[in-house]
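# A look at the structure
Residue strings, one per chain:
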Amino acid sequence: METTVKERLIEYLKCKGISKTEFGERIGVSNAYVTSIRKSIQPDKLQAIALNYPDLNTSWLLTGEGEMLKATQSVGDITNSNVSGVNVNGKEIHINPDAYQTLLKIVESNQKTTEKFQEQIDRLISVIEKKYDSENR
């Protein structure tokens, strides 16, 4: 049995732990908006949903096709969906054995970047501490 737009939206809200009230406030509609949805969502409301909930796959919301959540990409995160053989579905990550080397390179690169940031933070703390010590003597 195919689900409705309203049922899919409610599924998303439950998945993310978002109340209907909070949802309504964020997109600028009444608390009863979700209950009043029939077969589709007005374009301006869909745009507000897309802006406020960027992880929601609006194509899925409207048609039921595809995944509820968009695959995400972020620096330092292994949810980079452009890695061939890595499938991110919600909180689950499935890795094709052929993708391990590519994924390992990404993780190693991110580790080096993190180490460089930490060195910069340590130097900044040292400068601040020296300045503080010299002003409080």
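Now for a quick tour of the structure. (Residues numbered from 1 in each chain as written. Predicted model: local features only at pLDDT ≥ 70, side-chain atom pairs only at ≥ 80, totals over all residues. Heavy atoms only, no water.)

## What to know about helix 4 (residues 43–52)
Keep this limit in mind: Summary of the burial criterion: residues with accessible area below 20% of their type's maximum are buried, those above 50% are exposed, and those between are partly exposed, where the area comes from a 1.4 Å probe applied to protein chains only. Strands here mean DSSP runs of E at least two residues long; helices mean DSSP runs of H or I at least four residues long; both are numbered from the N terminus. By construction, the arc corresponds to the directions joining the helix axis to the C-beta atoms. Only heavy atoms enter the contact rule, under which two residues are in contact if any of them lie within 4.5 Å.
What helix 4 keeps buried is the set Leu-46, Ala-48 and Ile-49. Looking down the long axis of helix 4, one finds its buried residues gathered within 160 degrees of arc, a one-sided arrangement. Those residues of helix 4 that are exposed and aimed more than 90 degrees away from the buried face are Pro-43, Gln-47 and Leu-51. Looking at the packing, one finds that the buried side of helix 4 touches helix 2 (20–27) and helix 5 (58–63).

## Focus: the pattern of salt bridges
The condition is simple: Whenever Lys or Arg places a side-chain nitrogen within 4 Å of a carboxyl oxygen from Asp or Glu, that contact is recorded as a salt bridge.
On inspection of all chains with the given rule, the structure shows 3 salt bridges. A salt bridge links Asp-55 to Lys-16; the nearest nitrogen and oxygen atoms lie 2.7 Å apart. Of this pair, Asp-55 sits in the loop between helix 4 and helix 5 while Lys-16 is found in helix 1 (residues 5–16), placing the two residues 39 residues apart along the sequence. For Asp-55, a relative accessible area of 17% gives the class buried. A salt bridge links Asp-44 to Lys-45; the shortest N-O distance between them is 3.0 Å.

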